[in-house]
Each structure stands twice: as C-alpha cells, then as structure tokens.
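One letter stands for each residue in the lines below.
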Amino acid sequence: RQPVCLLLTASAVFVMGLAAMKMFQFGEDGKITRDGCLAVHFVFGMLIGAYGACTTLSAEMRNGTALVVLSKPVSRDLFFLAKFAGLAFLIAIFSACAIAATLLGEMASPKLYLGNTPLLLFLFLAGPAAMVCAWFVNYRFGRPFTSAALWLLLVFLAAGVALAAALHDPASGNRYLQGRYLGQVSCGMQWRLIPAGLLITAALLALSALALALAARIGTIPVLVLCSLALFGGLLSDYFFGAAADAGSFPAAVCHAVVPNWQGFWMA
C-alpha cells in the first residue's frame, strides 16, 4: 500500500514503453528493447526492494511497532522472515508486471521506425488507466487506492499480453490489433523472456534479503546506496576480480567470492 511502490512500478512500465521506441536494430530485431526492459526490471526492482525493506523494518523499529510485536510470543526470526515474505510477495507482483511489460515492449519494438502504435499506447496508458480505475474502486467500494491500482496494473498488462498473443498471426507479418499490417518481418511473442525475467526476480529476492538485513541497522538512503553498490559491483565482479583470481591473486579471489556475481542471473 506504499504509494512509492506503485509509482516505481508504473514508472518502470512507462520506461519500458520508451525503450520500445527505438529506430535501429543493430543486426538483431528487438535486441535493444529486450536488453533495455530487462535492465529496467533489474534497477527498478532493486529500488522497490530496498525501499520496501526500509519501510517494513526500519520504520517499524523507529515508531515502536516492532517492539509491540516482539513483546508478544513472536520470535525475532519469525518476525524477520515474515517481513521478508511480504517483501518477496511485493517483488513477485512487480516482476509479474515487468515481465508482461517486457513481452509487450519487445512485440511493439519497431519493425517500422516508431513500432506498433496500439501496443506502445497500451504500455504508456496502462499505469494511468489502472490509477483511474483504482480511484473509482476507492470511491465506490472503499478499497485502498494504492493496492487496488497495483493489482489493476497487473491485470491490465496480463490482459494485454494475452490479447496481443491471441491477435497476432505469425504467418501474416506484423498484424496486431485492428488487423493492420505494420511491416514485413514476422515476429511473435518472445516467450523466452519469461525465464529471463524469472532469473532477474531471483536476483531481486537476493538483493531484497540484503536490503532487509541492512535495514535492521541503517536508514533508507544508506540501504539504497549499499544495494546499488552490490548491484553494480556484482555486475562488474568478473572484470575487476575474476581475471586476477584466475591468475592466483588471493585478495582478488576473496573479493570475487564475497561480491555477488549477478551475471548468472543476467541473460541479456
């Protein structure tokens, strides 16, 4: 129900729409869009994980909620694991939205210069439409606005993927909504992006566990900084430490073992 989580998720979907508006293919159709959407999934997921960890743990420790809970017959381990379970559920919802937006963005990536207009508009308008519908649900039924908007965004994106996959005819070129031909290159839904997105989700869960552990001691900004260092340091660990470790450097081998290597989760 934190508004920041909704804004980050909607912003990630919007940026994925921007990633689909490219004018060059560089030898492989849709590659730039795929790589860009996966990168947005990774970075925005890290921000949501770090912010969610600080909101669920640091804030409750400061305002005394954690002390009230721990005064009951609840162990610290159970309390910590329950917080991680809630954070993992949030990451799962965000990743589902990101994977659906990645599928749509790759399918909408330009076989012409500005791509498939209906799918691009869907990516740009999914967030605002979910918020408008959540406003109506909040007004009419009294449901919380933020959580309703997040669920509706997921439903809209899943429906968009199902509709685009159903209406696309691989034998007829790029025919999407409204039966229009927008190019001569036949490219259907890239379902291989789902396992790639699931690997990023696993990496985000590991980052969220690190953020939650750090949030028990420090505030939001330091957690964001340290998680960012862990992310980018892990992506570069092979370059900085891998070669030196293979050459027999013990300090480099220790750093290479300690710094998480995210390349195993980065299929792009």
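Please read all numbers here as calculations on a predicted model, not as lab measurements. (Residues numbered from 1 in each chain as written. Predicted model: local features only at pLDDT ≥ 70, side-chain atom pairs only at ≥ 80, totals over all residues. Heavy atoms only, no water.)

Undergrad: Looking at this structure, I do not really get the packing of helix 5 (residues 117-141) against helix 6 (residues 145-167). What am I missing?
TA: Axes are the key here: two packed helices are described by the angle between their axes and the distance separating the axes. The contact between helix 5 and helix 6 brings their axes to 8 Å, and the two run at 145 degrees. In terms of crossing hand, the pair formed by helix 5 and helix 6 is right-handed. On the side of helix 5, the interface is formed by Leu119, Phe122, Leu123, Ala126, Gly127, Ala129, Ala130, Met131, Cys133, Ala134, Trp135 and Asn138, while helix 6 contributes Phe145, Ala148, Ala149, Leu152, Leu153, Phe156, Leu157, Gly160 and Ala164. (Axes fitted to C-alpha atoms, helices over the stretch in contact; angles between N-to-C directions. Helix = DSSP H or I, 4+ residues; strand = E, 2+ residues; numbered from the N terminus. Left-handed = near helix turned anticlockwise from the far one by under 90°. Contact = heavy atoms within 4.5 Å.)

Undergrad: Which parts of the structure should I look at to understand the nonpolar core?
TA: Among the nonpolar cores identified, the biggest contains 65 residues, and Phe42 and Leu157 are the most heavily contacted of them. Sorting the residues of this core by element identifies helix 1 (3-19), helix 2 (31-63), helix 4 (76-108), helix 5, helix 6, helix 7 (193-215) and helix 8 (220-235) as the ones contributing at least two each. The biggest single contributor to this core is helix 4, with 15 residues. In this view, Leu157 contacts Val13, Cys97, Ala100, Leu104, Phe122, Leu123 and Ala126; residues no more than four positions away in its chain are not counted. (Core = buried A, V, L, I, M, F, W, Y, C linked by side-chain atoms within 4.5 Å. Buried < 20%, exposed > 50% of the residue type's maximum accessible area, 1.4 Å probe, protein only.)

Undergrad: Would you mind showing me how to read the environment of Phe14 here?
TA: Tracing the chain through its elements places Phe14 in helix 1. Sequence spacing of Phe14 and Ala101 is 87 residues, and the spatial spacing of their C-alpha atoms is 8.9 Å.

Undergrad: Looking at this structure, how should I read the packing of aromatic side chains?
TA: Remark: the centre distance and the inter-plane angle together describe each pair of aromatic rings, the angle taken between the planes. Inspection of the entire model under this criterion finds 8 aromatic pairs. Where Phe89 meets Trp151, the ring centres are 6.1 Å apart and the plane angle is 50 degrees; that geometry is what we call tilted. With Phe89 in helix 4 and Trp151 in helix 6, the pair connects residues that are 62 residues apart, well separated along the chain. The exposure class assigned to Phe89 is partly exposed, which follows from its relative accessible area of 46%. Consider the rings of Tyr239 and Phe240, whose centres lie 5.3 Å apart with planes at 75 degrees: the pair is edge-to-face. We classify Tyr239 as exposed; its relative accessible area is 67%. Aromatic ring contacts, followed pair by pair, group Phe42, Trp262, Phe265 and Trp266 into a single cluster. Positioned above the aromatic ring of Phe141, the side-chain terminus of Arg140 is 5.5 Å from the ring centre. (Phe/Tyr/Trp six-rings, centres within 6.5 Å; stacked < 30°, edge-to-face > 60°. Lys NZ or Arg CZ within 6 Å of the ring centre and 35° of its normal.)

Undergrad: Mind showing me how you'd approach the packing of helix 2 against helix 8 here?
TA: In the contact formed by helix 2 and helix 8, the axes pass within 9 Å of each other and the chain directions differ by 145 degrees. In this structure, helix 2 meets helix 8 at a crossing whose hand is right-handed. Only Thr220, Val223, Leu224, Cys227, Ser228 and Leu231 of helix 8 make contact with helix 2, whose side of the interface consists of Phe42, Met46, Leu47, Ala50 and Cys54. Its residues placed into classes, the contact of helix 2 with helix 8 shows 9 nonpolar, 2 polar and no charged. (Nonpolar A, V, L, I, M, F, W, Y, C, P; charged D, E, K, R; others polar.)

Undergrad: How should I be thinking about the pattern of salt bridges in this particular structure?
TA: Pairs can form between side chains of opposite charge once their charged atoms are near each other. One pass over the structure, following the stated rule, counts 2 salt bridges. One salt bridge in this structure joins Lys31 and Asp35, with 3.1 Å as the shortest N-O distance. Highlighted residues: Lys31 and Asp35, both in helix 2, separated by 4 residues, approximately one helical turn. In this structure Lys31 comes out as partly exposed when scored by relative accessible area, which is 31%. The exposure class of Asp35 is partly exposed, given its relative accessible area of 24%. (Salt bridge = Lys/Arg side-chain N within 4 Å of Asp/Glu carboxyl O.)

Undergrad: Looking at this structure, I do not really get the side chain of Thr146. What am I missing?
TA: By the element assignment, Thr146 lies in helix 6. Among residues more than four places away in sequence, those in contact with Thr146 are Arg1, Gln2, Pro3 and Leu6.

Undergrad: What is the right way to look at the layout of surface pockets in this model?
TA: Over the atoms rolls a probe the size of a water molecule, and in doing so it shows where empty space is left. Size it by volume and the largest pocket reaches roughly 410 Å³. As for the largest pocket, its lining consists of 16 residues, and the residues nearest its centre are Arg1, Gln2, Cys5, Gly86 and Leu90. Only helix 1, helix 2, helix 4 and helix 6 provide two or more residues apiece to the lining of the largest pocket. Among the elements that line the lining of the largest pocket, the one with the most residues is helix 4, at 5 residues. Classifying every residue of the lining of the largest pocket by side-chain character gives 8 nonpolar, 7 polar and 1 charged. Counted as a void, the second largest pocket has a volume near 300 Å³. Elements represented by at least two residues in the lining of the second largest pocket include exactly helix 2, helix 3 (65-70) and helix 4. In terms of residue class, the lining of the second largest pocket is made up of 8 nonpolar, no polar and 2 charged. (1 Å grid on protein atoms, 1.4 Å probe; cavity = no way out; pocket = protein on both sides within 12 Å on 5 of 7 lines; lining within 4 Å. Points joined across faces, edges and corners; volume = space filled by probe spheres on them.)

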